[in-house]
Amino acid sequence: MIKKILVSQPKPTSEKSPYYEIAERFGVELVFRPFIKVEGISAREFRTQKINILDYTAIVFTSRHAIDHFFTLAKELRVNIPEDMKYFCVTETIALYIQKYVQYRKRKVFFGNTGRVDDLLPTMVKHKTEKYLVPMSDVHNDSLTHLLDSKKLTHKECVMYKTVSNDFTEEEVKTFDYDMLLFFSPSGIESLTKNFPNFDQGKIAIGTFGPSTAKAVSEAGLRLDLEAPTEKYPSMTGALQHYLLMQDE
């Protein structure tokens, strides 16, 4: 019986989150506790990549983390970002977040609708003469590089932040009594095995989002009980709701 679920993400900011509906409907306790955290790299670490930010005329942002660490690093490097710098963001929410650092002008901020870079590509192709810089995490694959290459765009990817384990306290380790764990990245699985080297899964159900996270579970020798997304359940909350319904039958 699933009664207590650990969701390895920050607590939702909206009270209308589907997670809260699930908690109420199924009478389960949801604990939001990230297994990983994002940290910026130092100016010294960035310099080893031999990249000059001002050589580029446009920045591609895939997350708010990327925005925070780009502007923090620019300040640390004493780089004044020119007024005519263009910004290409995978969603409008990310685009609006830029206002935290620079004056928002529609003529220099562009965004997609789906959160996928594919959706942003046609806009980037319209600005083919730009030199694109893409701030990334140290944990990434080359799919974005291949996409931009396929459109013959001038671009450079660089690491500006890193994903590290969000270590558990001794007290948290002692009181680790969950019926189900939900993970959203391979780094979360790495953190689990680091924090709990003798982890015995037993009856604890594990759910994952994304194929690479599911693969990390099997590579760690653990049992995967719930995998999302699927054609029928594209979100973790939809898949979780279906899973809990099946458990009740």
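The rules we used
Residues numbered from 1 in each chain as written. Predicted model: local features only at pLDDT ≥ 70, side-chain atom pairs only at ≥ 80, totals over all residues. Heavy atoms only, no water. Pairing = 2+ DSSP bridges. Helix = DSSP H or I, 4+ residues; strand = E, 2+ residues; numbered from the N terminus. Axes fitted to C-alpha atoms, helices over the stretch in contact; angles between N-to-C directions. Contact = heavy atoms within 4.5 Å. Salt bridge = Lys/Arg side-chain N within 4 Å of Asp/Glu carboxyl O. Buried < 20%, exposed > 50% of the residue type's maximum accessible area, 1.4 Å probe, protein only. Right-handed = clockwise from strand over helix to strand, strands pointing away. Parallel < 35°, antiparallel > 145°, perpendicular 65-115°, else oblique. Left-handed = near helix turned anticlockwise from the far one by under 90°. Nonpolar A, V, L, I, M, F, W, Y, C, P; charged D, E, K, R; others polar.

Moving on, we come to the sheet that holds strand β4 (residues 58-61). The strand order across the open sheet formed by 6 strands is β3-β8-β7-β4-β5-β6, and the pairing between neighbours is mixed. Looking at strand neighbours, the two that pair on one side only are β3 (36-40) and β6 (109-111), the edges of this open sheet. When strand polarity is set aside, the average angle formed by the axes of neighbouring strands in this sheet is 25 degrees. As paired elements, β3 and strand β8 (residues 154-165) share 5 bridges and run antiparallel to each other. Within the sheet, the bridge partner assigned to Ile36 lies in β8 and is Ser165. The strands touched by helix α8 (residues 186-195) are β3 and β8; relative to β8, the strand with the most contacts, the crossing angle is about 25 degrees.

Before going further, it helps to spend a moment on the sheet that holds strand β10 (residues 205-209). In space, the 5 strands of this open sheet follow the order β2-β1-β9-β10-β11, with parallel pairing throughout. Across the chains shown, the open sheet's two edge strands, defined by having one partner strand only, are β2 (29-32) and β11 (226-228). Put simply, the sheet's adjacent strands are angled 15 degrees from each other on average, direction ignored. The strands touched by helix α9 (residues 211-219) are β9 (180-183), β10 and β11; relative to β10, the strand with the most contacts, the crossing angle is about 145 degrees. Sitting on the sheet, helix α10 (residues 236-248) touches β1 (4-7), β9, β10 and β11, and the angle it makes with β11 is about 150 degrees.

For the rest of this paragraph, the subject is the pattern of salt bridges. Any two side chains of opposite charge can pair, on the condition that their charged atoms come close. Following the criterion strictly, the structure yields 8 salt bridges and no others. The partner of Glu130 in a salt bridge is Lys86, and the shortest N-O contact between them spans 3.0 Å. Taken together, the residues Glu130 in the loop between α5 (117-126) and β7 (131-137) and Lys86 in strand β5 (residues 86-89) connect sequence positions 44 residues apart. One salt bridge in this structure joins Arg223 and Asp225, with 2.9 Å as the shortest N-O distance. Overall, Arg223 belongs to the partly exposed group, its relative accessible area being 36%.

This next bit is on the environment of Ile204. Considering the arrangement of structural elements, one finds Ile204 in the loop between α8 and β10. For Ile204, a relative accessible area of 15% corresponds to the buried category. C-alpha of Ile204 to C-alpha of Arg223: the two residues are 19 residues apart in sequence and 9.1 Å apart in space.

Let us look at the pairing of β10. Extensive coverage of β10 is indicated by the burial of 4 of its 5 residues. In terms of strand pairing, β9 meets β10 through 4 bridges, oriented parallel. Opposite Phe183, over in β10, you have Thr208 as the bridge partner. Handedness of the β9-α8-β10 crossover: right-handed. Of the pairings in the sheet, the one linking β10 to β11 comprises 3 bridges and is parallel in character. Bridging across to β11, Thr208 finds its partner in Glu227. The parallel pair β10 and β11 is bridged by α9, and the resulting crossover is right-handed.

Two elements in contact, α5 and helix α6 (residues 143-150), have axes whose closest approach is 11 Å; the angle formed by their N-to-C orientations is 30 degrees. With respect to each other, α5 and α6 are oriented roughly parallel. Here α5 runs over α6; the crossing is right-handed. In this structure, α5 contributes Val117, Asp118, Leu121 and Met124 to the contact, and α6 contributes Leu144, Leu147 and Leu148. Along the lines of polarity and charge, the residues of the contact of α5 with α6 split into 6 nonpolar, no polar and 1 charged.

By themselves, these are just geometric observations and shouldn't be taken as functional.
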